[in-house]
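Read off the chains here:
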Amino acid sequence: MSIFSNGIVLAQHKEPAFSRPLVCFTNPQTETLSLDRPPVRDIAGLSADDIVEIARAAQIVDERDGKLLHRKLMRVKGRGVAVVVDAIDDEPYVSSKINPLLKLREETAGGIGLCEKAAGTDNVFIMAYKNIGDLETRIPGSIEGYKISRLRGGYPARPQSSLLNIGQGRRLTVGVGAVIHLYRAVMQNKRQSTVFITVAGNCVANSMNMEVSIGMTIQQILDRCGLVDEPTRIVCGGPMTGIAIMDTDRTLVTYTTRAILVIRDSRRESGYNCIGCGRCARVCPMGLSPMYIRRFAQTQYYANLRRFDAHLCVECGTCSYICPSRLEVSRDVARAKAYSLRNIVGAQAQEVDELED
Ligand code: SF4
Ligand code: SF4
């Protein structure tokens, strides 16, 4: 890893969408889809079987893994396993789990209570990042009486391993969205017809978190947010694991859509200099120091690259996006990466081979 890996707070940079209100943009025709059963009047009188059956009727899909919630609940029903609520948005700019957790606290807490009841436990963990960069909003210690486990540390391995340790493998792990939809199915008799997404990127006029209808086109959502520039890349999902899409009129929002990122890669350099603000280092998901890598690549001072792990760059483009001087940081890091892979990493592997011989 980079020699700076231990010195940088690996905050999750979620601005500007994260701090803004959750915007509801739904199709009135699907919004009214209701369950073919009478509404629940006495939530305390519900059994675990009732909760599983309502989740099945509402066809709720957990956004974190694409699995039907009622099947997940059925597997843990009455077994006393821990309930882990996943609010970790483990990609830069995506905040479609933490935002509804904080904005829809009552519904989230109500849904967690139903999961607890179905699993026959009172052992609940809400997992979220503690460090979220440049924000007014702070992650609270609890919501509606449920403690939030605020994770620190490196992106993204440490939080994920924290999740894996809970309950020694015996647990129900469920996304915030699925929990909210379970509450609505029970209390409002609603089928799941919406998902929570983040819309962001340097072409989006109003980055925001939204609740949108499943089946809407990506274009409908982009029209709602507005674009300020012609994108070169539209990605469904995060910058690291998302899929580039070609036709926004024919690509639909699905149960597992968590983000739409609209990016213009080929902007021209502004002509300004690096001001050393360090924002690129703060947002880099790999814990690199892009400003130094860029400088050494530009001056062709390649001897120094060895210490900066340029080969670990995943080319997500986040450093360019955040740079206030509008510098093509990621392009230069990508060049340094290519050089490192050819000349440094290969040479190191050869040295190890020679030592072992
Ligand atoms: S493009 Fe590379 S250096 Fe820039 S933020 Fe992404 S991983 Fe880090
Ligand atoms: S974000 Fe841009 S201006 Fe700030 S340190 Fe990085 S390269 Fe320099």
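Quick caveat, the model's predicted, so the values are computed rather than measured.

S.K.: What is the right way to look at the pattern of salt bridges in this model?
M.R.: Considering all chains together, one arrives at 14 salt bridges under this definition. One salt bridge in this structure joins arginine 64 and aspartate 86, with 2.9 Å as the shortest N-O distance. Taken together, the positions of arginine 64 in the loop between helix H2 (48-58) and helix H3 (69-76) and aspartate 86 in strand E2 (residues 82-86) put the pair 22 residues apart, joining distant regions of the chain. Taking the relative accessible area as the measure of exposure, arginine 64 reaches 31% and is therefore partly exposed. Among the residues examined, aspartate 86 registers a relative accessible area of 3% and is labelled buried. The residue lysine 97 makes a salt bridge to aspartate 86 at a minimum N-O spacing of 3.0 Å. Highlighted residues: lysine 97 in the loop between E2 and helix H4 (98-103) and aspartate 86 in strand E2, separated in sequence by 11 residues. Taken individually, lysine 97 and aspartate 86 each receive the classification buried, so the pair is uniform in this respect. Sharing partners across several salt bridges, the network here consists of Arg294, Arg331, Asp332 and Arg335.

S.K.: Even after reading the chapter, I still don't get the sheet that holds strand E6 (residues 171-175), so can you show me in this structure?
M.R.: Working definition: the strands of a sheet are paired by backbone hydrogen bonds and lie parallel or antiparallel to each other. With mixed pairing, the 5 strands of this open sheet are ordered in space as E4-E5-E3-E2-E6. What marks the edges here is a single partner per strand, and that holds for strand E4 (142-143) and E6. Inspection of the sheet shows E4 paired to strand E5 (residues 146-151) by 2 bridges, in the antiparallel sense. Paired with isoleucine 143 across the strands is tyrosine 146, a residue of E5.

S.K.: Got a minute to help me understand the site of ligand 1 in this structure?
M.R.: Taken together, Cys284, Pro285, Met286, Pro290, Cys313, Val314, Glu315, Cys316, Gly317, Cys319, Ser330 and Val333 make up all the residues around ligand 1. Split by residue class, the shell around ligand 1 holds 9 nonpolar, 2 polar and 1 charged.

S.K.: Would you mind showing me how to read helix H7 (residues 176-188) here?
M.R.: Turn by turn, an α-helix covers 3.6 residues, leaving residues three or four places apart pointing in a common direction. Its 13 residues place the ends of H7 18 Å apart at the C-alpha level, agreeing with the 18 Å of an ideal helix rising 1.5 Å per residue. All of the buried residues along H7 are Val176, Gly177, Ala178, Val179, Ile180, His181, Leu182, Tyr183, Arg184, Ala185 and Val186. Where H7 terminates, the next one or two residues include asparagine 189, which has phi positive at roughly 65°.

S.K.: I would appreciate a short explanation of the packing of aromatic side chains in the present structure.
M.R.: As enumerated under the stated definition, the model contains 2 aromatic pairs in all. Summarising the aromatic geometry, the rings of tyrosine 292 and phenylalanine 308 are spaced 5.7 Å apart at their centres and angled 50° between planes, so their arrangement reads as tilted. With tyrosine 292 in helix H10 (residues 290-298) and phenylalanine 308 in the loop between H10 and helix H11 (318-322), this residue pair connects regions lying 16 residues apart in the sequence. On the basis of relative accessibility, which here comes to 27%, the residue tyrosine 292 falls in the partly exposed class. We classify phenylalanine 308 as buried; its relative accessible area is 4%. Every member of this aromatic cluster is reached through a ring pair, and the members are Tyr292, Phe296 and Phe308.

What counts and how
Within each chain, residue numbers correspond to sequence positions counted from 1 in written order. Lettering for chains starts from A, numbering for ligands starts from 1, and both go in the order in which the items are written. Restriction of local features to residues with pLDDT of at least 70 applies here, the model being predicted, together with a cutoff of 80 or more for giving and counting side-chain atom pairs; totals for whole chains, interfaces and linings are based on all residues. Note that the side-chain values use all heavy atoms of the structure and ignore hydrogens as well as water. By definition here, a salt bridge exists when the distance from a side-chain nitrogen of Lys or Arg to a carboxyl oxygen of Asp or Glu is within 4 Å. Numbered from the N terminus, helices here are DSSP runs of H or I no shorter than four residues, and strands are runs of E no shorter than two. Classification of residues uses two cut-offs on accessible area relative to the type maximum, computed with a 1.4 Å probe and protein chains only: under 20% is buried, over 50% is exposed, and between them is partly exposed. Pairing between two strands is assigned when DSSP locates at least 2 bridges connecting them. Throughout, near means a residue has at least one heavy atom within 4 Å of the molecule or strand. Under the scheme applied, nonpolar residues are Ala, Val, Leu, Ile, Met, Phe, Trp, Tyr, Cys and Pro; charged residues are Asp, Glu, Lys and Arg; polar residues are all the others, including Gly. The span expected for a helix works out to 1.5 Å for each residue beyond the first. Working definition: rings of Phe, Tyr and Trp (its six-membered ring) pair if their centres are within 6.5 Å, and the pair is stacked with planes under 30 degrees apart, edge-to-face with planes over 60 apart, and tilted otherwise.

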